[in-house]
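Descriptive structure summary
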Amino acid sequence: MRGNLLLSVCNLNVTYGSINAVKGVSFDVDQGEIVTLIGANGAGKSSILRTISGIIPYQGSISYKGNDLKQIAADTIVDRGIAQVPEGRGIFGNLTVLENLKLATWQRKDKNKIARDYERVFALFPRLRERKRQLGGMLSGGEQQMLAVGRALMSDAELLLLDEPSMGLSPVLVRDIFLILVEINKAGKTILLVEQNANMSLHIASRGYVLETGKIVLTGSGKELMGNPRVKEAYLGG
Amino acid sequence: MPLLEIRNLTHRFEGLCAVSDFNFTLASNELVGIIGPNGAGKTTVFNLITGVYRATEGSIYFTGNELVGRTPHQITKLGIARTFQNIRLFKELTVLDNVRIARYGQAIYSPMEALLHIGRYNAEEKRITDHAMELLSIFKLDDAANERSKNLPYGLQRKLEIARALATDPQLLLLDEPAAGMNPNEIKQLMEFIGWIRKTFQVTIILIEHQMRLVMGICERLMVLDFGATIAEGLPAQIQNNVKVMEAYLGKELVK
Amino acid sequence: MPKLKAVYQTLLNKWYAVIAHRFFWPFFLIAGLLFSIAASSFDLIDLYVQLILIYVGINIILTISLNLINGYMGEFSIGHAGFMAIGAYIASLLTVNIFPPSAINFLFPVAVLAGGLGAALIGLLVAVPSFKTRGDYLAIVTLAFGMIVKSGIENIEAIGGPRGFLGMEKLTTLPWVFFWTVLSVWVIRNLVYSNFGRGVLSIREDEIASDLMSVNTRQVKVIVFVVSSFFAGIAGGLFAHALQYINPRMFDILKSTDILIMVYLGGIASIAGSIIGAVIYTILLEVLRPLGIWRMVFMPLMLVLLMIYRPRGIMGLREARLFVPLRDLLAVKFWKQKKKEADDAPA
Amino acid sequence: MAYIFQQILNALQLGSIYALIALGYTMVYGILTMINFAHGDLFMVGAFFCFLIAVYLKLSFVPTLLLSVLGVACLGVVIERLAYKPLRNAPRVSAIITALGVGLFLENFTLALSPYPKHIPALIADKTWLIGSVSISSLQIIIIALSLSLMLVLDFIVQRTKAGMAMRAISWDKTVVPLMGVPVNKIISLTFAIGTGLGGAAGMMYGLAYPVIDPYMGIMVGWKAFISAVVGGIGNIRGAMIGGFILGSVEIMVAAFLPSTYRDFVAFTLLLILLIFRPYGILGKPNPQKV
């Protein structure tokens, strides 16, 4: 039983110079799902997220809630309801934690709801409240990842794109972040998660796609993929 | 005499202790891993050994020579080479030139001979180029010799970086997270590759990694760093069952 | 159509073969030298054209020497005219006040050389700050250096101060310019294709990695600054004896800007690019002279357009095969041959 | 003693003009890490706008100032859109060379239109007060006060406003900024408008203080202001102010006690020495190289 279609990517192609990074990828995300794209380094995962956020050019079509995103500028895509947590977190090290969060509310006008969202983010990540006057650059890797997720929540998007949230974090922190992602999902956000850490992401995902050298080679529910021998061999360490 | 001996090594950045009281002895032909969570000071140790940073306290002896106070190129010439966590090739230069640059310390001719292309220039250049091509062909990179290194695929760039390090004729090779960005399958291949390098080039290797799978598989001995201090050392099997290490990796609450 | 393509391919291959043998280099040089001697002694070409050719040569020397710092080493020096000024004043002082007038023709190369050496010595001083700073800060050091040289000269009355210095004979002739230009191109090309030259390139790409790969970065920087300022000084000496009058304003920031433009127009890290840049810029300035002041309005516009459509200049980071030593050009081919011979040899 | 006070006042006047131009350099550099070498020439254009407005429209001081600043700001934005924006992802030097080209273009275009130096009419009734034996003119007060207040406003904009926050974010990593919903191009245009507008204001101040203006006046002043920005620590607003005042004081003091031809020589030598000992400027911090 599938829910409402939220995001639909159709026959996506991305090229950098002569390199074809994404070759005819199609997938979709339904409202309320956690969908994961897994694959090795250079498989084209990050490129896909960047096209959705409108920061790199592509061929093919991406539609969100039935509207084509092609002609829409990157900074207004956020307003439509898609927020991205970029690879490497993308924290502004020269802004305070509070400013980092505030920046994400750039397009928003609803003052009361913004105030409530700050509280929600701080409730989710008490560490951020403690450090809200500190510069982003002074945070540890785990705190930065929390801030990056918190920031995406501040833009009040319905769909969160996460680019390798586990990168460079110790196992305990990875587990914390993934638990929080589940919590956020339960609170109503749809999540598209790109990961190398297939173990964790397939665990929480309702569906997954496996990317290899720019193509989708496998798809299925999180459980199915975890049981798939090919996935086991390549991503879960045999 | 040990190949490398580090005594009471301490390094502070603006008051922050990145490495504190680090002691380490390495014999020839060992393969030792340094592991630890992010920000534990592993790369700093490499930077101190290779002279990128100057240690605040302590000393490093390599084949009897004190390294603290020497510049990176002097240390490289003594026989230590390294790779980088995030690949640092000379991107716009050809694969061949990347390797030939690493022979800088081995070439013997004067600036004047270089300016006029006279004297020892020709013979030395031939020697350098032949050596570089030889090395590239061992790594099966010789067909790409004229390619700009930025155009190589990721895996080959990692390989080239190791070839470039070996071109300096090291006795000691420092590998900084060679498995970064690799999937389990590729890591398996990398493990074989490292073993092969060790045999073929007769080098001693120190390896930084936080992929347990890799270090447990090939290292003979492990050091575990956390917050700049050594919290454990020993055989891989011992480390695996060490409570302190579990804590550092998995968090205190989880272990208890 | 395919036939035409095949013909083109054979012609191209022939041309590569010709370049590979390089037997015509000496002919080319001798012919050039003979032509320049003949042109200047028998007035084969117009004096005005001769003067332009002289400027072309001087600008090639300036461009190629600045390219060593800005293109090959990837620094940004904006004080090149300062070195030129030092060479110009030293050489002029020697020919006007020191050397006996009777022997001036023979001693002229010595004067130019002395100017170059003087500039090289100062270049050594500028190399020192480059050990510590990079990028924009080093740019400022060179900028300040250029301004210090200019205002320094303005304050030395003995060499004319702001009024300038004159009395030089017209000793810069076409053959001399040809000689010095060829020498500078040859020497800098040699440097680039040597161990030290590869060190220079690696500093541009990644200085820390370069040091860790055993490159003595300080040594390399000193060589680069000394060689570069040496040739700027040579160009200064030639310039002074072509114009027969110099003043400090000739070597101000606008002159340095001119040289910068030639470097980036032709393309960074390229011998061929430097030559192309200097030739195009110098000749275009002359051709557009009838436009008067509007010439200086159009030239910068063209530069901006070039940068937008070709940010690395005409030949940026590429080299004409002509200037690449055979060993580098054919390294892979030589290697394969050698390997094959080794394989074929009876065990 | 009075002489020294008089010179200090002169130093403040010159220093505040350098500081205003240096602020423009630092703004653009701090946010885009691009050296806008055309900035000195925009300063010159500011002086010429002031001349045009004062002579042909016969406006008084305040409207002249506003119009000149607005005019230069618009020009700055247009230049950014046409010449610099296409090069945002190109090698940094290409942008620098483009800026040099734009500067040359502005100089020579102005020269082509106006071959002779121009004289700016006095827009302010020239009152002079005597305090002891130190004389202060109304113009001096206006220049110093205006510069200081513009600097404070700028500091406020960058540190306290939402747009300033976006500017700082762009300076850290401009690839992530659009993901926050921030329109990067608009913010960059705003940065250019403010930076070049300050240059325009400085041009007008300079033109009032030293009334003969010519198309090449921006070159030397521009480079000097750039050096001030670097001495203060480029990218740092307070540093630019400090650097401007240091350079102004050094120049005035040298001119006061040595033959005036030594001014540039001593000033640059001192700056060079300072840079050798503090390579990243007074308030600048070296970028720690990550290995």
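In what follows, the structure referred to is the one given above.
These remarks concern the structure in this document. (Residues numbered from 1 in each chain as written. Chains lettered and ligands numbered in written order. Predicted model: local features only at pLDDT ≥ 70, side-chain atom pairs only at ≥ 80, totals over all residues. Heavy atoms only, no water.)

Some words on the overall build of chain D
Within chain D one finds 10 helices and 4 strands. Ordered by position from the N terminus, the helices and strands of chain D form the series α-α-α-α-β-β-β-α-α-α-β-α-α-α. In terms of overall dimensions, chain D is globule-like: its C-alpha atoms have a radius of gyration of 19 Å, near the 19 Å expected for 291 residues. Across its three principal axes, chain D shows a C-alpha extent of roughly 60 × 50 × 35 Å. Taking the intrachain contacts of chain D between residues at least 6 apart in sequence as the baseline, contacts between residues at least 24 apart amount to 76%. Surface exposure of chain D reaches about 11600 Å², of which carbon and sulfur atoms provide 70%. Counting 18 positive and 9 negative side-chain charges, chain D places the averaged centre of each group 11 Å from the other. (Helix = DSSP H or I, 4+ residues; strand = E, 2+ residues; numbered from the N terminus. Rg over C-alpha atoms; globule rule 2.2 N^0.38 Å. Contact = heavy atoms within 4.5 Å. Areas by Shrake-Rupley, 256 points an atom, 1.4 Å probe, with all protein chains shown as cover. Lys, Arg positive; Asp, Glu negative; His and termini not counted. Charge placed at Lys NZ, Arg CZ, Asp CG, Glu CD.)

Digging into the pattern of salt bridges
Counted under the stated rule, the structure contains 50 salt bridges over all chains. Here B:Arg7 ties to B:Glu5 by a salt bridge, and the two come within 3.3 Å at their closest N and O atoms. By relative accessible area, which is 37% here, B:Arg7 ends up partly exposed. B:Arg221 is the partner of B:Glu233 in a salt bridge, and the nearest nitrogen-oxygen pair spans 3.7 Å. Taken together, the residues span a long stretch of sequence, with B:Glu233 in strand E10 (residues 229-234) and B:Arg221 in strand E9 (residues 221-226) at a distance of 12 residues. Bridged by salt links that share partners, the residues A:Arg108, A:Asp110, A:Lys113, A:Asp117, A:Arg120 and A:Asp156 form one connected network. (Salt bridge = Lys/Arg side-chain N within 4 Å of Asp/Glu carboxyl O. Buried < 20%, exposed > 50% of the residue type's maximum accessible area, 1.4 Å probe, protein only.)

Re the packing of helix H5 (residues 138-160) of chain D against helix H7 (residues 184-209) of chain D
Residue and element names in this part refer to chain D. Where H5 meets H7, the closest approach of the two axes is 10 Å, and the angle between their N-to-C directions is 175 degrees. The orientation of H5 relative to H7 falls into the category roughly antiparallel. Contacts between H5 and H7 involve Leu-139, Ile-143, Leu-146, Leu-150, Leu-154 and Ile-157 on the former and, on the latter, Ile-194, Leu-198, Ala-201, Met-205, Leu-208 and Ala-209. Classifying every residue of the contact of H5 with H7 by side-chain character gives 12 nonpolar, no polar and no charged. (Axes fitted to C-alpha atoms, helices over the stretch in contact; angles between N-to-C directions. Parallel < 35°, antiparallel > 145°, perpendicular 65-115°, else oblique. Nonpolar A, V, L, I, M, F, W, Y, C, P; charged D, E, K, R; others polar.)

Some points on the pairing of strand E7 (residues 159-163) of chain A
Residues and elements named next belong to chain A. Of all the 5 residues making up E7, 5 are buried; the element is thus mostly covered by neighbouring parts of the structure. With burial as the criterion, each face of E7 is covered, one bearing Leu-159, Leu-161 and Asp-163 and the other bearing Leu-160 and Leu-162. Examined bridge by bridge, strand E6 (residues 82-85) and E7 share 4 bridges and lie parallel to one another. Across the sheet, residue Ala-83 finds its bridge partner in E7, namely Leu-160. Pairing geometry for E7 and strand E8 (residues 190-195), over 5 bridges, is parallel. (Pairing = 2+ DSSP bridges.)

Some details on the side chain of D:Lys224
Residues and elements named next belong to chain D. In this structure, Lys-224 sits in helix H8 (residues 217-232). Its relative accessible area of 3% is what places Lys-224 among the buried residues. Residues in contact with Lys-224, not counting those within four places in the same chain, are Tyr-18, Leu-247, Glu-251, Arg-263, Asp-264 and Phe-268.

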